[in-house]
Amino acid sequence: MKKITGYKELGLVNSRDLFAKAVSGGYAIPAYNFNNLEQLQAIVMACVETASPVILQVSKGARSYANQTLLRHLAAGAVEYAAELGCKIPIVLHLDHGDSFELCKDCIETGFSSVMIDGSHLSYDDNVALTRRVVEYAHQYDVTVEGELGVLAGIEDDVHAATHTYTEPDQVEDFVGKTGVDSLAIAIGTSHGAFKFKPGEDHKIRLDILAEIEKRIPGFPIVLHGASSVPQDLVQMINAHGGKLKDAVGIGEDQLREAARSAVCKINIDSDGRLAMTAAVRKVLDEKPEEFDPRKYLGPARDALKQLYMHKIVNVLGSNGKA
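The structure presented is a predicted model; accordingly, all values stated were derived computationally and were not measured. (Residues numbered from 1 in each chain as written. Predicted model: local features only at pLDDT ≥ 70, side-chain atom pairs only at ≥ 80, totals over all residues. Heavy atoms only, no water.)

What follows concerns the sheet that holds strand β9 (residues 222-224). Around the barrel, which closes on itself, the 8 strands sit in the order β1-β2-β3-β4-β5-β8-β9-β10 with parallel pairing between neighbours. Geometrically, the sheet is characterised by an average inter-axis angle of 25° between neighbouring strands, direction not taken into account. Taken together, the 3 bridges between strand β3 (residues 91-98) and strand β4 (residues 114-117) define a ladder with parallel strand orientation. Note on β4: the bridge partner recorded for Gly98 is Ile117. In the packing of helix α10 (residues 253-260) onto the sheet, contacts are made with β9 and β10 (264-269), and the angle to β10 comes to roughly 145°. (Pairing = 2+ DSSP bridges. Helix = DSSP H or I, 4+ residues; strand = E, 2+ residues; numbered from the N terminus. Axes fitted to C-alpha atoms, helices over the stretch in contact; angles between N-to-C directions. Contact = heavy atoms within 4.5 Å.)

A word on the nonpolar core. Counting 90 residues, the largest nonpolar core has Tyr32, Leu56, Ile91, Val115, Leu184, Ile222 and Ile267 as its most contacted members. With 9 residues, the single largest contributor to this core is helix α12 (residues 294-317). Each residue touching Leu56, except ones within four places of it in the same chain, is listed here: Tyr32, Phe34, Leu40, Ile43, Ala75, Ala78, Ile91, Val92, Leu93 and His94. (Core = buried A, V, L, I, M, F, W, Y, C linked by side-chain atoms within 4.5 Å. Buried < 20%, exposed > 50% of the residue type's maximum accessible area, 1.4 Å probe, protein only.)

Let us now look at the pattern of salt bridges. Under the definition given, this model contains 20 salt bridges. Of the charged contacts, one joins Asp272 and Lys312 as a salt bridge, the two residues approaching to 2.8 Å between their closest N and O atoms. You can see Asp272 sitting in helix α11 (residues 271-287) and its partner Lys312 sitting in helix α12, a full 40 residues away along the chain. The pair formed by Asp272 and Lys312 is uniform in burial state, with each residue classed as buried. Here Arg302 makes a salt bridge to Asp303, at a shortest N to O gap of 3.7 Å. Residue class for Arg302 comes out partly exposed when judged on its relative accessible area of 24%. (Salt bridge = Lys/Arg side-chain N within 4 Å of Asp/Glu carboxyl O.)

Listed below in structure tokens is the structure:
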């Protein structure tokens, strides 16, 4: 018989209280994806130094790449590491874009404190049915569940969509009521990946749709995916040191800060972190082609990621001092 590991055994928390405080406090919790040790170190250091709670996100692709057991123990280690650094911040271990009941169930039974079931590619009724099934199982273990309505364009790991479908405000109350989800990811113009919008486009997220959704489900925790801003200095650094990234722009940080002051209480940022690490690695290897010690290029990459995430916490999310 399979042994079930509860998230409390690992020192983790679920998202329920964190989201309630964020909604009332007008800020958003950072949701940072990690696949390896350096990313995790950067996340924990950034959040400890800013006294911010954090959601550690693991995608289906990350579990395949890094191994589910190792990732779980890394997350447990993050709790102890934060305490060693001097601030016992609340840490959530969250499955990002779970695509099946079986995947969510496995994560729940192996220490995750939160899961996302993404049924947005299904019909509305099938999305409701799948989400409700995951919620019923997760809540037996006090694990919180994020659902999704609407479709974000772009590419992130195993999530692909060519076109964008905005969330219908008329559906949100029915969806939340029928599924029992603890939070809802919506589509209001954010996009997955680093290649979001073309330079020159004055892209705005649909804060009007967000406001309408808030009216339908007041105080309910809302999540934004695909919220990287694609910093141009990082793109330029990558290309200056041998990279060939296409021109692209992301979501303006001023728009994200405005969204974070509303019921948006979780904002996912992944691509910006990938850009920061890649820029630092390329710089070292370009300037020191004789270097072969991974610590000598992954260390600077970790430091660059830490600085980026501290900036996001203080200037975009507003979660500093909320641990």
